[in-house]
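Reading the structure
The lines below spell out each chain.
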Amino acid sequence: MSSMASSYKPEQARVPSALPLPSPPLTKFNIGLCQLSVTGDKKRNISHAKNAIEEAASKGAKLVLLPEIWNSPYSNDSFPVYAEDIDAGGDASPSTAMLSEVSKRLKITIIGGSIPERFGDRLYNTCCVFGTDGELKAKHRKIHLFDIDIPGKITFMESKTLTAGETPTIVDTEVGRIGIGICYDIRFQELAMIYAARGAHLLCYPGAFNMTTGPLHWELLQRARATDNQLYVATCSPARDSGAGYTAWGHSTLVGPFGEVLATTEHEEAIIIGEIDYSVLEQRRTSLPLNKQRRGDLYQLVDVQRLDSK
Ligand SMILES: NC(=O)CC(=O)C(=O)O
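Here's what I pulled together on the structure shown here. As the structure is a computational prediction, the values presented were derived from the model and not from experiment.

We now examine the nonpolar core. Residues Ile111, Ile178 and Leu202 are the most contacted members of the largest nonpolar core, which totals 46 residues. What isoleucine 178 contacts, discounting residues up to four positions off in sequence, is Leu63, Ile111, Thr169, Ile170, Val171, Thr173, Leu202 and Cys204. Residues Ile46, Ala57, Trp70 and Ile110 belong to the second largest nonpolar core, which totals 22 residues.

See below:
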């Protein structure tokens, strides 16, 4: 590092200091993004998702990502009706019981999109991560609720029924260290920066952008998170149903660490297979050494929870 760069104190731009990238068992593998149609029939949604996961795995996916709210219509009226008690498991959570069974049988990692979760008298929008042994490795509750009002276009208030999660979620899996966000969480760059500083290889965002913000922001945000943080970003949306109360944009995508779109689709149902190769992260970070060029003398990103746990 040049003496100029060291006087910039780049290691102090992340508080606590950034962690190195870990070495997961698999560093080159295929990811499957299952852009699913979602109906009002929960049983059908579960068996439909199961078939899609099996198809993605048969096409070589070692990691499968599902959409935001794939077992229920996306509406405040539906969340309480379709919500499951994930911690109770079994019959109380048929959606996650299916994910556990399939991940174990196929020996794949599943980032299970999200489902409405009932926890006591609260509801959350929750993503469950299952490892190759079928165990629940992590649970992310959407931290930033989707409360927006664009007059004449779209108004949605998740906070009418849902409670916001309280913690970022990063998880070590066979296929890398993965930071999780759900849909609106992608708009908050600090969350992605915290994941990058904690050594994430990949950020996964199940999401259901809409017909107003989708065309403008969906790809832009994914490419920004990937480019700024020099890591992979994967998103997965429900397929579009123009007759539904909430119309999803679709366009599930895999973006590489140079901001390049590696695999994507339109708005219909689809299973997208993309290749992830973590050796590319080091290459990009060597060519564009942002981590050595940060101005810790001018600004800092504070990871409050990691700082408090020290
Ligand atoms: N549905 C969401 O959570 C987010 C979204 O549609 C947007 O940010 O726009």
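In this sheet, strand E15 (residues 261-264) lies alongside strand E14 (residues 253-255) in antiparallel orientation, the contact comprising three bridges. Among the inter-strand pairings, valine 255 is bridged to a residue of E15, identified as valine 261. The hairpin formed by E14 and E15 contains five residues between the paired strands, and glycine 259 there has a positive phi angle of roughly 85°.

Side chains of Val302, Val304 and Leu307 sit close together on the surface and give an oily, nonpolar patch of about 230 Å² of accessible area. For valine 302, the location among the structural elements is in strand E17 (residues 301-302). In this structure valine 302 comes out as partly exposed when scored by relative accessible area, which is 39%.

Geometry of an aromatic ring pair is reported as the spacing of the ring centres plus the angle between the planes. What the rule picks out here adds up to eleven aromatic pairs. Ring plane angle 20° and centroid distance 5.5 Å describe the contact between phenylalanine 146 and phenylalanine 156, whose orientation is recorded as stacked. With a gap of ten residues between them, phenylalanine 146 in the loop between strand E7 (136-141) and strand E8 (147-150) and phenylalanine 156 in strand E9 (residues 154-157) connect regions that are remote in the sequence. For phenylalanine 146, a relative accessible area of 6% puts it in the buried group. Aromatic pair phenylalanine 209 and tryptophan 218: ring centres 4.9 Å apart, planes at 45°, arrangement tilted. Given a relative accessible area of 4%, phenylalanine 209 falls into the buried group. Across from the ring centre of tyrosine 124, 4.1 Å away, lies the NZ or CZ of arginine 141, which sits over that ring.

Our focus in this paragraph is helix H7 (residues 279-287). Looking at H7, one finds that the buried residues are Val280, Leu281 and Arg285. Along the axis of H7, the buried positions cluster into a sector of 130°, meaning they face one direction only. Seen from the buried face of H7, the exposed residues on the opposite side, beyond 90 degrees, are Thr286 and Ser287.

Conventions adopted
Residues numbered from 1 in each chain as written. Predicted model: local features only at pLDDT ≥ 70, side-chain atom pairs only at ≥ 80, totals over all residues. Heavy atoms only, no water. Core = buried A, V, L, I, M, F, W, Y, C linked by side-chain atoms within 4.5 Å. Buried < 20%, exposed > 50% of the residue type's maximum accessible area, 1.4 Å probe, protein only. Contact = heavy atoms within 4.5 Å. Pairing = 2+ DSSP bridges. Helix = DSSP H or I, 4+ residues; strand = E, 2+ residues; numbered from the N terminus. Patch = residues over 30% accessible without salt bridge, like charges linked within 9 Å, V, L, I, M, F, W, Y side chains within 5 Å. Areas by Shrake-Rupley, 256 points an atom, 1.4 Å probe, with all protein chains shown as cover. Salt bridge = Lys/Arg side-chain N within 4 Å of Asp/Glu carboxyl O. Phe/Tyr/Trp six-rings, centres within 6.5 Å; stacked < 30°, edge-to-face > 60°. Lys NZ or Arg CZ within 6 Å of the ring centre and 35° of its normal. Arc of directions from axis to C-beta.

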